[in-house]
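Now for the letters of each chain:
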Amino acid sequence: MKRWIDMPPVWLAGCLALAWAQATWFPMGLTFGTTWARFLGGLLVGGGLVLIALAAYEMRRQRTTIIPHREADRLVTSGIFSRSRNPIYVGDVLILSGMILYWGAVLTLPLIPIFVWVIEKRFVIPEENGLRRKFRVDFARYSQKVRRWV
């Protein structure tokens, strides 16, 4: 059960809930403005969803797992993975950033680097270590060519 709770979407949902609560109940008179922040926030959320969809499509096409904590069957280096080793997590960060802007949750801006740190420590590094052990030379070549985040 713990493994299913400790998943990136759950961490994202928790951060989104905190941002929404801050914007709703404790706005403290702070705002990013309305029109431009909502527009930019919507663009970031849309971009994040597109990244996640592209990554899920590519992983499905390569017939490997999208679920963290599971061993990958293949090293996916094509499609969106030729630009970022972790496009789903980049998408999560874009969604969080976009919703913070959209809601005007100024005080929750520190959640963005905290979320990145948690995702990197809990998921990215262990996943990359597993890929490094399983695909040795191929992963070494891939990690030299493609950056971890962007």
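Please refer to the structure higher up on the page.
Residues numbered from 1 in each chain as written. Predicted model: local features only at pLDDT ≥ 70, side-chain atom pairs only at ≥ 80, totals over all residues. Heavy atoms only, no water.

Colleague: Looking at this model, I keep getting lost on the packing of helix α2 (residues 8–25) against helix α4 (residues 87–103). Mind explaining?
Modeller: Between two packed helices, both the angle of their axes relative to each other and the distance between the axes serve to describe the pair. Two elements in contact, α2 and α4, have axes separated by 9 Å at closest approach and are oriented at 10°. Between α2 and α4, the angle is such that the two are roughly parallel. The residues of α4 that touch α2, namely those facing Pro-8, Leu-12, Cys-15, Leu-16, Ala-19, Trp-20 and Ala-23, are Tyr-89, Asp-92, Ile-95, Leu-96, Met-99, Ile-100 and Trp-103. Counted by class, the contact of α2 with α4 contains 13 nonpolar, no polar and 1 charged residues. (Axes fitted to C-alpha atoms, helices over the stretch in contact; angles between N-to-C directions. Helix = DSSP H or I, 4+ residues; strand = E, 2+ residues; numbered from the N terminus. Parallel < 35°, antiparallel > 145°, perpendicular 65-115°, else oblique. Contact = heavy atoms within 4.5 Å. Nonpolar A, V, L, I, M, F, W, Y, C, P; charged D, E, K, R; others polar.)

Colleague: Explain the pattern of salt bridges to me, please; I cannot follow it from the model alone.
Modeller: If charged atoms from side chains of opposite charge come close, those side chains can pair. One pass over the full model with this rule turns up 7 salt bridges. Residue Glu-71 pairs with Lys-134 through a salt bridge whose shortest N-O separation is 2.8 Å. You can see Glu-71 sitting in the loop between α3 (35–61) and α4 and its partner Lys-134 sitting in helix α5 (residues 111–145), a full 63 residues away along the chain. You can call Glu-71 exposed: its relative accessible area is 60%. A salt bridge links Glu-128 to Arg-148; the nearest nitrogen and oxygen atoms lie 2.8 Å apart. Of this pair, Glu-128 sits in helix α5 while Arg-148 is found in the segment after α5, placing the two residues 20 residues apart along the sequence. (Salt bridge = Lys/Arg side-chain N within 4 Å of Asp/Glu carboxyl O. Buried < 20%, exposed > 50% of the residue type's maximum accessible area, 1.4 Å probe, protein only.)

Colleague: It is not clear to me how the environment of Gly-41 should be interpreted in this structure. Could you clarify?
Modeller: Tracing the backbone through its elements, the reader meets Gly-41 in helix α3. Of the residues examined, Gly-41 reaches a relative accessible area of 0% and is grouped as buried. Along the primary structure Gly-41 and Leu-94 are separated by 53 residues, whereas in three dimensions their C-alpha atoms are 8.8 Å apart.

Colleague: Can you help me understand α4 in this one?
Modeller: Residue pairs three or four apart in sequence face the same way in an α-helix, which turns once every 3.6 residues. With 17 residues, α4 extends 24 Å from end C-alpha to end C-alpha; this agrees with the ideal 24 Å at 1.5 Å per step. Of all 17 residues in α4, 14 are buried; the element is thus mostly enclosed. Gly-104 sits one or two positions beyond α4 and adopts a positive phi of about 70°. (Expected span 1.5 Å × (residues − 1).)

Colleague: How should I be thinking about the side chain of Asn-86 in this particular structure?
Modeller: As for its placement among the helices and strands, Asn-86 is situated in the loop between α3 and α4. We classify Asn-86 as buried; its relative accessible area is 6%. One polar contact links Asn-86 to Glu-128, side chain to side chain, over a distance of 3.3 Å. Residues within four places of Asn-86 in sequence aside, it is in contact with Val-124, Glu-127, Glu-128 and Arg-148. (Polar contact = N/O pair within 3.5 Å; in protein donor to acceptor, adjacent residues only side chain to side chain.)

Colleague: Would you take a moment to explain the nonpolar core for this structure?
Modeller: Nonpolar side chains in soluble globular proteins generally cluster together in the buried interior. By size, the foremost hydrophobic cluster in this structure holds 39 residues, and its most contacted members are Phe-81, Leu-96, Ile-100, Phe-115, Ile-119 and Trp-149. Secondary-structure elements contributing two or more residues to this core are α2, α3, α4 and α5. By residue number, the principal contributor to this core is α5, which donates 10 residues. Residues in contact with Trp-149, not counting those within four places in the same chain, are Ser-84, Tyr-89, Val-90, Val-93, Val-116, Ile-119, Glu-120 and Val-124. (Core = buried A, V, L, I, M, F, W, Y, C linked by side-chain atoms within 4.5 Å.)

Colleague: Looking at this structure, how should I read the packing of α4 against α5?
Modeller: Closest axis-to-axis distance for the α4/α5 pair is 11 Å, and the angle between their directions is 165°. Taken together, the axis directions place α4 and α5 in an arrangement best described as roughly antiparallel. Seen from above, α4 lies across α5 with right-handed handedness. Contacts between α4 and α5 pair Tyr-89, Asp-92, Val-93, Leu-96, Ser-97 and Ile-100 from the former with Leu-111, Ile-112, Phe-115, Val-116, Ile-119, Phe-123, Val-124 and Glu-127 from the latter. Split into classes, the residues belonging to the contact of α4 with α5 amount to 11 nonpolar, 1 polar and 2 charged. (Left-handed = near helix turned anticlockwise from the far one by under 90°.)

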